[in-house]
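Each chain is listed here by its residues.
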Amino acid sequence: GVLARRADLRWRSEPLPELQGELLRAALARVVPGGTVVYAVCTPNRDEGEAVVDTVVADGAAEVDASLGDEWPAFRHPARPGMLLMLPHVHGTSGFFVARLHAR
């Protein structure tokens, strides 16, 4: 929503995948094994969405709950059906990425 109101930020903002990964790992460390953490970012940027989740999963900190796309089929990620991707030109929303993870 911010970029829709402040288009100038699009040219000044930088992805923060390292920080996003640290925050996600910290959240996962604070739930019991098997506990759920929803990772949502207000950008369709792959570096801050899919890549962060892939890194955390590869580290063994979590696994993706593959049923999320089935629960919200209108927003199912086209390439990653267990995740959600909302695009302004497709859904009439701001851009979002969502994944539901289970801590290991």
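Procedures and definitions
Residues numbered from 1 in each chain as written. Predicted model: local features only at pLDDT ≥ 70, side-chain atom pairs only at ≥ 80, totals over all residues. Heavy atoms only, no water. Helix = DSSP H or I, 4+ residues; strand = E, 2+ residues; numbered from the N terminus. Buried < 20%, exposed > 50% of the residue type's maximum accessible area, 1.4 Å probe, protein only. Contact = heavy atoms within 4.5 Å. Salt bridge = Lys/Arg side-chain N within 4 Å of Asp/Glu carboxyl O. Core = buried A, V, L, I, M, F, W, Y, C linked by side-chain atoms within 4.5 Å. Arc of directions from axis to C-beta. Phe/Tyr/Trp six-rings, centres within 6.5 Å; stacked < 30°, edge-to-face > 60°. Axes fitted to C-alpha atoms, helices over the stretch in contact; angles between N-to-C directions. Parallel < 35°, antiparallel > 145°, perpendicular 65-115°, else oblique. Left-handed = near helix turned anticlockwise from the far one by under 90°.

Caption draft 1: A look at the environment of Leu85. Here Leu85 shows up in strand 3 (residues 84–86). The class of Leu85 is buried, set by a relative accessible area of 10%. Placed 42 residues apart in sequence, Leu85 and Thr43 show a C-alpha to C-alpha distance of 9.1 Å. Every residue in contact with Leu85, bar those within four places of it in the chain, is listed here: Pro44, Phe75, His77, Pro78, His91, Phe96 and Phe97.

Caption draft 2: The arrangement of the pattern of salt bridges in detail. The full count for this structure, using the stated rule, is six salt bridges. The residue Asp54 makes a salt bridge to Arg80 at a minimum N-O spacing of 2.5 Å. Of the two residues, Asp54 sits in helix 4 (residues 50–58) while Arg80 sits in the loop between helix 5 (68–71) and strand 3, which places them 26 residues apart along the sequence. On the basis of relative accessible area, Asp54 is assigned to the partly exposed category, the value being 33%. Classification of Arg80 by relative accessible area gives partly exposed; the value is 27%. Between Asp70 and Arg76 there is a salt bridge, and its shortest N-O distance comes to 3.4 Å. Each member of the salt-bridge network shares a partner with another, and the members are Asp65, Glu71 and Arg100.

Caption draft 3: The nonpolar core, seen in detail. Counting 16 residues, the largest nonpolar core has Leu24, Leu28, Tyr39, Val53, Phe97 and Leu101 as its most contacted members. At four residues, the largest contribution of residues to this core is made by strand 4 (residues 96–103). With near-sequence residues (within four places) excluded, Phe97 lies in contact with Tyr39, Ala40, Val41, Thr43, Gly49, Glu50, Val53, His77, Met83, Leu84 and Leu85.

Caption draft 4: Region of the structure containing helix 4. Among all positions of helix 4, only Glu50, Val52, Val53 and Val56 are buried. Mapping the buried residues of helix 4 onto a view down its axis gives an arc of 165°, with all of them on the same face. Next to the buried residues of helix 4 lie helix 3 (17–29), strand 1 (36–41), strand 2 (62–64) and strand 4.

Caption draft 5: View of the packing of aromatic side chains. In this structure the tally under the stated criterion is one aromatic pair. Taken together, a centroid distance of 6.4 Å and an interplanar angle of 65° make the contact between Tyr39 and Phe97 edge-to-face. Linking Tyr39 in strand 1 with Phe97 in strand 4, this pair joins segments that are 58 residues apart in sequence. Overall, Tyr39 belongs to the buried group, its relative accessible area being 6%. By relative accessible area, Phe97 is classed as buried at 0%.

Caption draft 6: The arrangement of the packing of helix 3 against helix 4 in detail. At a minimum axis distance of 9 Å, the contact between helix 3 and helix 4 shows a crossing angle of 50°. Taken together, the axes of helix 3 and helix 4 lie oblique to each other. Seen along the crossing, helix 3 lies across helix 4 with a hand that is right-handed. Every residue of helix 4 that contacts helix 3 at Pro17, Gln20, Gly21, Leu24, Arg25 and Leu28 is listed here: Val52, Thr55 and Val56.

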